[in-house]
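Summary of structural features
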Amino acid sequence: MKIDIVKNPKMQGLIIKEILQLKSYKKTLISLILIFSLMAIIQFLGSGVVGLFQILPVIITIGFGIYSIASFNYDEVAKADRYIRTLPISKKEIVLSKYIFIISAIIIGASIGMILTNILSLIFANGEIFMNIIEVLVVTLGGILGISIVEAIQIPCIYKFGAEKARMQIFLIILVLLIGLTLIIGGIIFWLEKWNINISNIECLIPLILMTLIIIIYNISYKIAYKIYEKKEF
């Protein structure tokens, strides 16, 4: 079944529902952005260190990712799925709307992080914090990839076990991911050095590689989540 997202009022209604039920998080997200921006400014003005500036896009991206996944908690408490399933909406539309909302929230968070980082760079360091837009993009996409991997695993788990049980599993997921990513990154660096490949020579390809991985990860996660939800009884 082909779903036209733009012209589908049912999908739009589901996404609006997600936004409205999480509007109470607005102040939390604004506070997150302001606090870490202020910490980055204080750190730079006090010591000249740009560490927090560099990871600001990642922090904001993760914050928006956590914000979006909280919609499952509201649905579980309100038993929203039982009501939604009585409406003329397919299970595919229900699952897809969740992914669209979550991915959109992450993209918005990443965009805010990138824009804010560049603005603060211009104001406080004369634009010298990042050498070029590619570096900013790589850092931000790295944050998106990290939260995408976690949520791509977490969403099917939520559909399978419920939001409460899936939340308890997230710590194990993060631990496994940290170990796995450390091994993968270490392996990549090892082979790049062995083949005498300078990473700066392929810098422009890194964003493309990261975006491809993100698309693949979410595509696999969506298919698994839909299969689980399709068989679920309410």
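As a further point, take the side chain of K91. As for its position among the elements, K91 is in helix α6 (residues 91–125). At a separation of 3.5 Å, a polar atom in the side chain of K91 contacts the main-chain carbonyl oxygen of K232. The contacts of K91, once residues within four sequence positions are left out, are R85, Y226, Y229, E230 and K232.

Moving on, we get to helix α1 (residues 9–21). Compared with an ideal rise of 1.5 Å per residue, which puts 13 residues at 18 Å, α1 spans 18 Å between its outermost C-alpha atoms and is within 8% of the ideal. Residues M11, L14, I15, E18 and Q21 constitute the buried set of α1. One side of α1 holds all its buried residues, which, seen down the axis, span an arc of 135°. Across from the buried face of α1, at angles greater than 90 degrees, the exposed residues are P9 and L20.

Before going further, it helps to examine the packing of aromatic side chains. Across all of its chains, the model carries nine aromatic pairs by this definition. Consider the rings of Y67 and F101, whose centres lie 6.1 Å apart with planes at 55°: the pair is tilted. Taken as a pair, Y67 in helix α3 (residues 51–69) and F101 in helix α6 lie far apart in primary sequence, 34 residues in all. For Y67, a relative accessible area of 11% corresponds to the buried category. Ring geometry for Y99 versus Y222: centroids 5.6 Å apart, planes at 90°, classification edge-to-face.

The next thing to look at is the confidence of the model for the protein. Counting all residues, the mean pLDDT for the protein is 80, and 77% of those residues have values of 70 or more. Here helix α8 (residues 163–194) is the element of the protein with the lowest mean pLDDT, 67, and helix α9 (residues 206–230) is the one with the highest, 91.

This part takes up the pattern of salt bridges. Taken as a whole, this structure holds four salt bridges when the rule is applied. In this structure, the salt-bridge partner of K17 is E18, at a minimum N-O distance of 3.2 Å. For K17, a relative accessible area of 22% translates into the label partly exposed. For the salt bridge of D75 with K98, the shortest nitrogen-to-oxygen distance reads 2.6 Å. One end of the pair, D75, is in helix α4 (residues 71–78); the other, K98, is in helix α6, and 23 residues separate them in sequence. Judged on exposure class, the residue D75 and its partner K98 are both buried.

Below, the discussion takes up the nonpolar core. F72, V95, Y99, I102, I155 and Y159 are the most contacted members of the largest nonpolar core, which totals 49 residues. Broken down by secondary-structure element, the contributors of at least two residues to this core are α1, α2 (26–47), α3, α5 (80–84), α6, α7 (133–161) and α9. Among the elements that take part in this core, α6 stands out by supplying 12 residues, more than any other. Leave out the neighbours within four places in its chain, and Y159 touches F72, I94, V95, K98, A225, I228, Y229 and K232.

Once that is clear, we can look at the packing of α7 against α9. Remark: α7 packs on α9, axes separated minimally by 9 Å, with the N-to-C direction vectors making an angle of 10°. Taken as axis vectors, α7 and α9 run roughly parallel relative to one another. Residue composition of the contact of α7 with α9, grouped by class: 23 nonpolar, three polar and two charged.

Cut-off values and rules
- Residues numbered from 1 in each chain as written.
- Predicted model: local features only at pLDDT ≥ 70, side-chain atom pairs only at ≥ 80, totals over all residues.
- Heavy atoms only, no water.
- Helix = DSSP H or I, 4+ residues; strand = E, 2+ residues; numbered from the N terminus.
- Polar contact = N/O pair within 3.5 Å; in protein donor to acceptor, adjacent residues only side chain to side chain.
- Contact = heavy atoms within 4.5 Å.
- Expected span 1.5 Å × (residues − 1).
- Buried < 20%, exposed > 50% of the residue type's maximum accessible area, 1.4 Å probe, protein only.
- Arc of directions from axis to C-beta.
- Phe/Tyr/Trp six-rings, centres within 6.5 Å; stacked < 30°, edge-to-face > 60°.
- pLDDT = per-residue confidence, 0-100.
- Salt bridge = Lys/Arg side-chain N within 4 Å of Asp/Glu carboxyl O.
- Core = buried A, V, L, I, M, F, W, Y, C linked by side-chain atoms within 4.5 Å.
- Axes fitted to C-alpha atoms, helices over the stretch in contact; angles between N-to-C directions.
- Parallel < 35°, antiparallel > 145°, perpendicular 65-115°, else oblique.
- Nonpolar A, V, L, I, M, F, W, Y, C, P; charged D, E, K, R; others polar.

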